[in-house]
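Coordinates in review
Listed here are the chains, written in short residue letters.
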Amino acid sequence: QILSIHKCVDKIDRLEWSHDSKIMLVACTARRTAHVAAAHQPDWHCKIDEGPLGLAHARLAPDGRHVLTVAEAKMRLTIWSLLDRSVRFIRCPKHTDAGLAFSPDGAQMVLAHRADGHDELRFYVCDDGSFGVVRAFEVASDDLADVRWSPSADALCVLDGLLSPQVLLYTSEGAHIATHRLPDAATCDGLGTGL
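Residues numbered from 1 in each chain as written. Predicted model: local features only at pLDDT ≥ 70, side-chain atom pairs only at ≥ 80, totals over all residues. Heavy atoms only, no water.

1. Observations regarding the sheet that holds strand β4 (residues 41–49)
Pairing is antiparallel across the open sheet formed by four strands, whose spatial order is β1-β2-β3-β4. On the outer flanks of this sheet lie β1 (14–17) and β4, each paired with one strand and no other. Each strand axis lies, on average, 15 degrees off the axis of its neighbour in the sheet, ignoring direction. The pairing of strand β3 (residues 33–38) with β4 spans six bridges and is classified as antiparallel. For A37, the partnering residue across the bridge sits in β4 and is H45. (Pairing = 2+ DSSP bridges. Helix = DSSP H or I, 4+ residues; strand = E, 2+ residues; numbered from the N terminus. Axes fitted to C-alpha atoms, helices over the stretch in contact; angles between N-to-C directions.)

2. Remarks on the nonpolar core
Core analysis: the biggest nonpolar cluster contains 14 residues, and V110, L121, L156 and V158 have the highest contact counts within it. Of all the secondary-structure elements, those providing two or more residues to this core are β10 (108–115), β11 (118–125), β13 (144–149), β14 (155–160) and β15 (166–171). At three residues, β13 tops the list of elements feeding residues into this core. In contact with L121, not counting residues within four places along its chain, are V110, L111, A112, R135, A136, F137, V139, L144, V147, L156 and V158. (Core = buried A, V, L, I, M, F, W, Y, C linked by side-chain atoms within 4.5 Å. Buried < 20%, exposed > 50% of the residue type's maximum accessible area, 1.4 Å probe, protein only. Contact = heavy atoms within 4.5 Å.)

3. A word on the side chain of R65
Structurally, R65 can be placed in the loop between β5 (55–60) and β6 (66–71). A polar side-chain atom of R65 sits 2.5 Å from a polar atom in the side chain of D20. Those residues in contact with R65 that lie beyond four places of it in its chain are S18, D20, K22, I23, W80, S81, L82 and L83. (Polar contact = N/O pair within 3.5 Å; in protein donor to acceptor, adjacent residues only side chain to side chain.)

4. Points about the environment of R148
Here R148 is to be found in strand β13. Taking the C-alpha atoms as reference points, R148 and I177, 29 residues apart in sequence, are found 15 Å from one another. Within the local environment of R148, its side chain forms a polar contact with the side chain of D146, the two groups lying 3.1 Å apart.

5. Notes on the pattern of salt bridges
Using the criterion set out here, one finds 12 salt bridges in the structure. The partner of E16 in a salt bridge is R14, and the shortest N-O contact between them spans 3.1 Å. When the shortest N-O distance is used, the salt bridge between K94 and D143 registers 2.7 Å. Taken together, the positions of K94 in the loop between β8 (87–91) and β9 (100–102) and D143 in the loop between β12 (132–138) and β13 put the pair 49 residues apart, joining distant regions of the chain. (Salt bridge = Lys/Arg side-chain N within 4 Å of Asp/Glu carboxyl O.)

6. Examining the side chain of D119
Position of D119 relative to the elements: it lies in strand β11. A polar side-chain atom of D119 sits 2.9 Å from a polar atom in the side chain of K94.

7. Observations concerning the sheet that holds β6
Ordered in space as β5-β6-β7-β8, the four strands form an open sheet in which the pairing is antiparallel. Each of the sheet's edge strands pairs with one partner strand only, and the pair in question is β5 and β8. Averaged over all pairs of adjacent strands, the angle between strand axes in this sheet comes to 20 degrees, irrespective of strand direction. As paired elements, β5 and β6 share five bridges and run antiparallel to each other. Each residue of the ladder has a partner; that of L60, found in β6, is V67.

Given below as structure tokens:
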């Protein structure tokens, strides 16, 4: 059964549903916009853009009532509230569509930043909609590529870049647990072959 039809003016690059299936987000990066619609209210919808900075990525927060967008050139991450129409800015995220993860319960967000040649993780409280910083710590990565929470939310997995492939494990409070590195490429059969 068709509930509603929403038309977009250009190619859809990303489609995402809120966890409660009430909100739908589509990103049209060719138009540098994101569109949000309510599944059961055909008349409710909104368009989000980053103005002259350009929109490079959009996603929903776990609560489904906040949209996170990243401007082109990673100038800022913007948090748009669908509830009260407020807007919050976080300057200079490290990546456009990586280096950001929500805890399994949706209460916290971790975001990668690069400052003074060092990678750091900043933690934001998001279950109350404030997205305020609660803590931050540097990580011993050469070029942080991504971050993930453990299912229990007590540890983080930091993936380093291709030049020094390694995985670093930290507690959510910043204590280093372990580092796992790939064997030397010269001794690793098949690594880098078959291209």
